[in-house]
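Coordinate inspection notes
Here are the chains, one letter per residue:
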Amino acid sequence: MDACLAAGVNYLDTANYEPRDEAKFEYKWQWAYKKKFEDAGLTAILGCGFDPGVTGVFTAYAAKHYFDEINYLDIIDCNAGDHGKAFATNFNPEINIREVTQKGKYWENGKWVYTEPHEIHQPVTYPNIGPKESYLIYHEELESLVKNFPSLKRARFWMTFGQEYLTHLRVIQNIGMARIDPIVYKGIEIVPIQFLKAVLPDPGELGENYTGETSIGCRIRGLAGGKERGYYIWNNCSHEDAYKETGAQGVSYTTGVPAVVGALMFVQGKWKGPGVYNVEEFDPDPFLEQLASDGLPWHEEHDGDLEL
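Residues numbered from 1 in each chain as written. Predicted model: local features only at pLDDT ≥ 70, side-chain atom pairs only at ≥ 80, totals over all residues. Heavy atoms only, no water.

Contact pair helix α4 (residues 54-65) / helix α11 (residues 284-293): the axes reach a minimum separation of 9 Å and the direction vectors enclose 125°. The angle between α4 and α11 places the two elements in the oblique class. The element α4 and its partner α11 pack so that their crossing is left-handed. In this structure, α4 contributes Val54, Val57, Phe58, Ala60, Tyr61, Lys64 and His65 to the contact, and α11 contributes Pro284, Asp285, Phe287, Leu288 and Leu291. Residue composition of the contact of α4 with α11, by class: nine nonpolar, one polar and two charged. (Axes fitted to C-alpha atoms, helices over the stretch in contact; angles between N-to-C directions. Helix = DSSP H or I, 4+ residues; strand = E, 2+ residues; numbered from the N terminus. Parallel < 35°, antiparallel > 145°, perpendicular 65-115°, else oblique. Left-handed = near helix turned anticlockwise from the far one by under 90°. Contact = heavy atoms within 4.5 Å. Nonpolar A, V, L, I, M, F, W, Y, C, P; charged D, E, K, R; others polar.)

Cis geometry marks the peptide bond from Asp51 to Pro52; its omega dihedral reads 10°. Along the chain, Pro52 turns up in the loop between β2 (43-46) and α4. Backbone geometry at Asp303 places phi at a positive 55°, although glycine is not the residue there. Relative to the elements of secondary structure, Asp303 occurs in the segment after β14 (299-302). Phi at Glu307 takes a positive value of approximately 65°, unusual for a residue other than glycine.

Bringing the packing of helix α10 (residues 250-267) against α11 into the picture now. Where α10 meets α11, the axes come as close as 10 Å, and the angle between the chain directions of the two elements is 135°. When the interaxial angle is binned, α10 and α11 end up oblique. Crossing of α10 over α11 shows right-handed handedness. Residues Val257, Pro258, Val261, Gly262, Leu264 and Met265 of α10 form the contact with α11, whose own contacting residues are Pro286, Phe287, Gln290 and Leu291. Taken together, the residues that form the contact of α10 with α11 break down as eight nonpolar, two polar and no charged.

Before going further, it helps to examine helix α7 (residues 163-174). When the terminal C-alpha atoms of α7 are compared, their 16 Å separation across 12 residues agrees well with the 16 Å that a helix rising 1.5 Å per residue should span. At its buried positions, α7 is contacted by α5 (93-101), β7 (130-137) and α8 (192-199). Backbone geometry just downstream of α7 places Gly176 in the positive-phi region, at approximately 85°. (Expected span 1.5 Å × (residues − 1).)

Turning to the sheet that holds strand β1 (residues 11-12), a few remarks are in order. The sheet built from three strands is open, its strands ordered β1-β2-β13 with parallel pairing. Of all the strands in the sheet, just β1 and β13 (275-278) have a single pairing partner and so form its edges. Bridge analysis of β2 against β13 gives four bridges, and the strand direction is parallel. Across the sheet, the residue bridging to Leu46 is Asn278, located in β13. (Pairing = 2+ DSSP bridges.)

Here it is in structure tokens:
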């Protein structure tokens, strides 16, 4: 963001800022740039991947078209794919492992509630996949969504993990390889998780043998016309189809395509304005229309069993 201000160009990212010395997702650092971007007449679009990103747009779409107010939001993220490796992460291992090993956190009744890592979990049924054990974790879009949709009484994020993955994760933590603070080894300072990243499979090379699909969406309850309504909006993405089209696996595809669409929204003048914005602050309609035509079709269901 500093570089963009110095160069006089606009800004877009796919997640949010995280300090190197602490596993902590927080938008405060980027939101603090609001006036700088306003004064420069530049636009900064934050979190334009899938989650964060499309999940925020899904929420805005639901609020615009189907609810007078939204009260309960559950974002659910399932990767039912199989890459054939004993253990691998689907994106940067350093970020991925930090993300899923931190304490859980969700919004309820006007405050944040904290949990131990993976303490809360239950089966959730995903379209075309079936039931998968899903774990409550903290994810950065919750912070902006509860700010931009103040009628939310509760907002949570759930992600699936296989038992083998969790076992590897526990071992990594127990032996200190998930540490983000430096240690001295043979006179050289190294960060354990960065060393681990160097020996794990490269996420960019997982696509060729990846089978199965992802399923990510929002399950929402709220009021419409004085009655409580339920709504589910989601996308499923095939790892095999993503690889055939781009040479990348589905997690890369579902992150990259929304970023392209967000950039197009800016270029077309549909998502634009001086300042710093999260994606749910813009009109969701043109984005979702473009998203479907660019390879990530989405689906919706009204008043079904939301499970959560």
